[in-house]
Amino acid sequence: MQLTADQSLMLNYPSIVVLTGAGISAESGIRTFRGSGGLWENHSIEDVATLEGYYRNPALVQAFYNDRRQRLSEVVCNAAHKALSDFEKSFDGEFLLVTQNVDDLHSRAGSQNLIHMHGELYKVSCQDTEQVFEWYDDLTTETLCPCCQMAGNLRPHIVWFGEMPLEMDRIYKALSQCDLFVSIGTSGNVYPAAGFFEEAKAAGAETVELNLEPGTNASRFDRSLSGPATELVPEFFNALLG
C-alpha cells in the first residue's frame, strides 16, 4: 500500500512541539528582546523585567509595558506565523506551539494549541488573587483591579526574570512525548526554554533549529537551518506536509 504524504508524516512525526522566540516576530517589526549592552529598548533589564524593579518604580514599569502594548496594533503577523497556523490546521497528529514571545501574532495568525510561556502583553493579573484579565488599554498605579477593586494591584501578565514560566508541566509532558521538536528564532540563551531540545532529544525526538543565524546550541540539534523565518518556516513545514 502506498502512503499519502499526510499518512507518511503521521507515521514519522505523530507528535510535534514547536518553540518560537523573538526572531519569528522580528520581521513583523517587533524588536528582539535583548539589544546591545543587555538593554531592553534602552531600559535596564533589572528595571523593567524583574519583580524588584517593579516594586522600586511601578509607574516606570507600567509605562514601559503600556508603550509596548500600544505598538502591537501597528504590526501584523508574517508568513512564518501563518505557516505554523496553516500547518496546525492540516496536521492530524499532536501539535503544540510554545512561544517565548509576549505579542499576540501567533493568535492573530490563527494558531490554536498555543502556550505563551512568558505571558502576554494584552493581559494583566491581580497580585493578590492571580486572576488574569484581557487588557488593551493603558495600566497605571491608579487603575482599579476588576476582582478586588484595589488600586495598584494589577501588574502586566509578563513572566519576569526570577519568576517561573507558565504551564511548564504541560510543556514538559509534551516534550517527553514528541517525535519532532522545532526551535524557531530563539538564541538558546534563556532557560528553561533553551533546554527544551535536550528534553525532546532524551525522549527520542528529532530536533531541528530554524534561525536567522545559528544559535548557541546549534551544533547539538540534529539539523540547523539558517535564514529569515518568513522563508525558512513556510518551506520547512510545507515540506513536512509534502
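Residues numbered from 1 in each chain as written. Predicted model: local features only at pLDDT ≥ 70, side-chain atom pairs only at ≥ 80, totals over all residues. Heavy atoms only, no water.

**Remarks on the overall build of the protein**
Then, number 1: For the protein, the count of helices and strands is 10 helices and 11 strands.
Then, number 2: With respect to the principal axes defined by its C-alpha atoms, the protein has extents near 65 × 40 × 35 Å.
Then, number 3: For the protein, with 242 residues in total, the buried portion stands at 49%.
Then, number 4: Sequence-distant contacts, at least 24 apart, represent 64% of the contacts inside the protein between residues at least 6 apart.
Then, number 5: Accessible area for the protein stands at about 11700 Å²; split by element, carbon and sulfur atoms hold 49% of it.
Then, number 6: Positive and negative side-chain charges of the protein, numbering 16 and 33 respectively, have mean locations separated by a distance of 2 Å. (Helix = DSSP H or I, 4+ residues; strand = E, 2+ residues; numbered from the N terminus. Buried < 20%, exposed > 50% of the residue type's maximum accessible area, 1.4 Å probe, protein only. Contact = heavy atoms within 4.5 Å. Areas by Shrake-Rupley, 256 points an atom, 1.4 Å probe, with all protein chains shown as cover. Lys, Arg positive; Asp, Glu negative; His and termini not counted. Charge placed at Lys NZ, Arg CZ, Asp CG, Glu CD.)

**Notes on the confidence of the model for the protein**
Then, number 1: On average, residues of the protein score 91 in pLDDT, and 91% of them reach the 70 mark or higher.
Then, number 2: Note that residues 1–10 has pLDDT below 50 and, in this model, 14 contacts with residues that lie over four places away or in other chains.
Then, number 3: In this model, residues 35–39 is a region of pLDDT below 50 whose contacts with residues beyond four sequence positions or in other chains number 6 contacts. (pLDDT = per-residue confidence, 0-100.)

**What to know about the packing of aromatic side chains**
Then, number 1: Summed over all chains, the structure comprises 11 aromatic pairs.
Then, number 2: A centroid spacing of 5.0 Å and a plane angle of 65° characterise the contact between Phe 87 and Phe 237, whose relative ring orientation is edge-to-face. Placement of Phe 87 in helix H6 (residues 79–90) and of Phe 237 in helix H10 (residues 229–240) is noted, with a sequence separation of 150 residues between them.
Then, number 3: Looking at Phe 237, the relative accessible area reads 1%, which means it is buried.
Then, number 4: With a centroid separation of 5.2 Å and an interplanar angle of 80°, the aromatic rings of Phe 236 and Phe 237 are classed as edge-to-face.
Then, number 5: The exposure class of Phe 236 is buried, given its relative accessible area of 8%.
Then, number 6: Among the aromatic side chains, those forming a connected cluster through ring pairs are Tyr 54, Tyr 55, Phe 64, Tyr 65 and Trp 160.
Then, number 7: Positioned over the ring face of Trp 160 is Arg 155, at 3.9 Å from the centre of the ring. (Phe/Tyr/Trp six-rings, centres within 6.5 Å; stacked < 30°, edge-to-face > 60°. Lys NZ or Arg CZ within 6 Å of the ring centre and 35° of its normal.)

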